[in-house]
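Examining the three-dimensional arrangement
Each chain, written out:
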Amino acid sequence: MRRLFFSIALLSSLLSSAQTTIINEKIEKDNNPMDFEVLSKQNKLLVKKGKSYGTIRGINKVELYSLDNPEPMELVKDEKFLRFIPSPFDDNIYSGDGFNTVGWQTDTKIYDGNKVIATVDGDKRLFLFSKDFSYGLGSEKNKIVDNIEKHDLFWHKYDNKLKKTQVIKLEKPSFFNNVNKKDYYDLDDLAYTTRFHKNSFEIATKYINKDIKSFVLHRAIFDLNGKNIKTITYNVNIGKPLIFSNNGGGKMDVSAHVSSNALKFVDQLSINNYLIDKDTNELYIYGLYGKKDKRLYNTDVGGYYVVKFDAEGKLLWQKTEEFSDDDLTHDASKTRINLDFSIVNNQGRLTFYQHFSRKFYYYSQIDLASGNMINSSKIPFSVDKMWQAELRNTQVLAFFTLKEYKKLKFDFTTLYFNGSNKKVQDYLIELNKSSKKEISVNSDVSEKGVWLIESDNSNYYKVTFFEF
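Here the structure is a predicted model, which means the values were calculated and not measured.

**Re the packing of aromatic side chains**
One pass over the full model with this rule turns up 37 aromatic pairs. Grouping aromatic residues by their ring pairs yields a cluster made of F89, F127, F133, Y135, W155, F196, F201 and F222. Stacked on the ring of Y274, the Lys or Arg R195 has its end atom at 3.8 Å from the ring centre. Its guanidinium or amino end placed over the ring of Y416, R349 lies 4.8 Å from that ring's centre, counting from NZ or CZ.

**What about unusual backbone geometry?**
For K163, which is not a glycine, the phi torsion comes out positive at approximately 60 degrees. The class for K163 is partly exposed, based on a relative accessible area of 46%. Unusually for a residue other than glycine, N178 sits at a positive phi of about 50 degrees. Along the polypeptide, N178 turns up in the loop between β13 (164-169) and β14 (193-196). The exposed category is assigned to N178, whose relative accessible area is 81%.

**Describing the confidence of the model for the chain**
Predicted coordinates in areas of low pLDDT are best not read in detail. Across the chain, pLDDT averages 90, with 90% of residues at or above 70. Low pLDDT, under 50, characterises residues 1-16; the predicted model gives this stretch 22 contacts beyond four residues in sequence or across chains. Throughout residues 256-260 the model reports pLDDT below 50, and contacts reaching past four residues in sequence, or to other chains, amount to three contacts.

**What to know about the layout of surface pockets**
In this model, the second largest pocket occupies a volume close to 920 Å³. In this structure, the second largest pocket is lined by 36 residues; those nearest its centre are D146, A191, Y192, K251 and D267. Elements with a contribution of two residues or more to the lining of the second largest pocket: β11 (133-138), β14 and β15 (200-208). Looking at the lining of the second largest pocket residue by residue, the classes come out as 17 nonpolar, 10 polar and nine charged.

**Concerning the sheet that holds β11**
If you trace the four strands from one edge of the open sheet to the other, you get β10-β11-β12-β13, paired in antiparallel fashion. Across the chains shown, the open sheet's two edge strands, defined by having one partner strand only, are β10 (128-129) and β13. Where β10 lies against β11, two bridges are found, and the strand directions are antiparallel. By the bridge assignment, F129 is partnered in β11 with S134.

**Here we look at the sheet that holds strand β16 (residues 214-223)**
In space, the four strands of this open sheet follow the order β14-β15-β16-β17, with antiparallel pairing throughout. Looking along the sheet, the strands with just one partner apiece sit at the ends: β14 and β17 (228-237). For this sheet the average axis-to-axis angle between neighbouring strands, irrespective of direction, equals 20 degrees. As paired elements, β14 and β15 share four bridges and run antiparallel to each other.

**Considering the environment of Q105**
The residue Q105 is located in strand β8 (residues 105-112) in this model. For Q105, a relative accessible area of 38% puts it in the partly exposed group. Once the C-alpha coordinates of Q105 and L82 are considered, the two residues, 23 residues apart in sequence, prove to be 7.2 Å apart. Each residue touching Q105, except ones within four places of it in the same chain, is listed here: R83, D97, G98 and F99. Here R83 takes part through its side chain, which lies 3.2 Å from a polar atom of the side chain of Q105.

**Focus: the pattern of salt bridges**
Under the counting rule described, the total for this entry stands at 25 salt bridges. Ionic pairing is found between K422 and D426, a salt bridge with its closest N-O pair at 2.9 Å. Separated by four residues within a single helix, K422 and D426 lie in helix α5 (residues 422-434), roughly one turn from each other. Here K433 and E430 are joined by a salt bridge, their closest N and O atoms 3.9 Å apart. A residue pair is termed a helical-turn pair when its members lie 3 or 4 positions apart in one helix, as K433 and E430 do in helix α5 at three residues. For K433, a relative accessible area of 62% translates into the label exposed. One continuous salt-bridge network, built from bridges that share partners, spans E25, K49, K61, E63 and E74.

**Structural notes on the pairing of β15**
Among the nine residues in β15, nine count as buried, and that is most of the element. Of the two faces of β15, the one lined by S200, E202, A204, K206 and I208 and the one lined by F201, I203, T205 and Y207 are each fully buried. Where β14 folds back onto β15 in an antiparallel hairpin, the turn is made up of three residues. A loop of five residues connects β15 with β16, the two strands running antiparallel in sequence, and I212 in this loop sits at a positive phi of about 60 degrees.

Basis of the calculations
Residues numbered from 1 in each chain as written. Predicted model: local features only at pLDDT ≥ 70, side-chain atom pairs only at ≥ 80, totals over all residues. Heavy atoms only, no water. Phe/Tyr/Trp six-rings, centres within 6.5 Å; stacked < 30°, edge-to-face > 60°. Lys NZ or Arg CZ within 6 Å of the ring centre and 35° of its normal. Buried < 20%, exposed > 50% of the residue type's maximum accessible area, 1.4 Å probe, protein only. Helix = DSSP H or I, 4+ residues; strand = E, 2+ residues; numbered from the N terminus. pLDDT = per-residue confidence, 0-100. Contact = heavy atoms within 4.5 Å. 1 Å grid on protein atoms, 1.4 Å probe; cavity = no way out; pocket = protein on both sides within 12 Å on 5 of 7 lines; lining within 4 Å. Points joined across faces, edges and corners; volume = space filled by probe spheres on them. Nonpolar A, V, L, I, M, F, W, Y, C, P; charged D, E, K, R; others polar. Pairing = 2+ DSSP bridges. Axes fitted to C-alpha atoms, helices over the stretch in contact; angles between N-to-C directions. Polar contact = N/O pair within 3.5 Å; in protein donor to acceptor, adjacent residues only side chain to side chain. Salt bridge = Lys/Arg side-chain N within 4 Å of Asp/Glu carboxyl O.

Rendered as structure tokens:
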């Protein structure tokens, strides 16, 4: 009966096209929704269900939902996974990592849809999976390589069926050879980052020039057999003093400190970050700039920059935007300042926020063809804290509140769509009016729309899709 009701609701909402109810279910004991993951290209939703095993949110069941089928596809049943993720290489391929009684990862099962097609031993230390092969990047023994100047990198290619590993020594990218560190600002160890794509992977680094207003980004791109197929260098001069931010570009030292104010960046990669458009291979570099020269860490922020290159490394446009709001410019160059850039509904979305002394969420919508800003907004919010024990047993985690919504708590993505998407905002207004209990709301985005997840974290959870 519930499935029949679901089918009627789905058909009705599809005809109205404003919004589509994908899931509206009761929360069951030991079958809680532990995680939701949107598959952007496929416009589908993974719902991972399970229960807590001590401090671990274990996954026992996984369902795949789509707009065109009222019945979800059951991918996993009666398992015990630490995580369950889609392959970056193949559609409909997934991997599930088992765990033991102390929470350590054990074997990995690889799925083609809902069928197990391979099992990889946990001691293989592989972290990328496709239908036919599993991959790892590290030393010859497949351990982490921190110092790329002294050690070589190896690509480990494991045949899922034959259970044999091919270890391929990578040609060290030329930009790591004979680097005169005195030519750059405060350059110590040569740090690197990695990215993985559908048919390739890359190793990249950045060097900050002595003027601290310009930098160099190097990318070496390899095919999945470990052959270097392309190297691209980007020389960028912002003309304004560069500063660090927590943008995901590099590493931070968290091991030796208790206070988040004492965190520090351990390499130069966090001077900015970059995003690659999966459809066009165009590249966007984004970061913050400051008001005072040669003070990378503790200067007030001046604004942000975004630079776009085509797939071959040709500059298409470069834009800077100055901040005038005191909340945005004050004390904004430390690890607690968060910066991100993504592509949403064929527009650039730059977000800039902190949730410590000054609580705000700023976003800017950017025209991808010209780099011009379309719209921007700053959203002040409050923080609703949660104890560690609550985190383990809460289905939909949300911490941020807005004064106009007395019954709702949000994640940052929902803050963005509440401000930028009228359909989502209207829905949230009605939800706030009709709710008798406190509701937590999360959002995720695909290429075709917004997936909004709501729950009272005790009785029900619901997923609604809003088409762009």
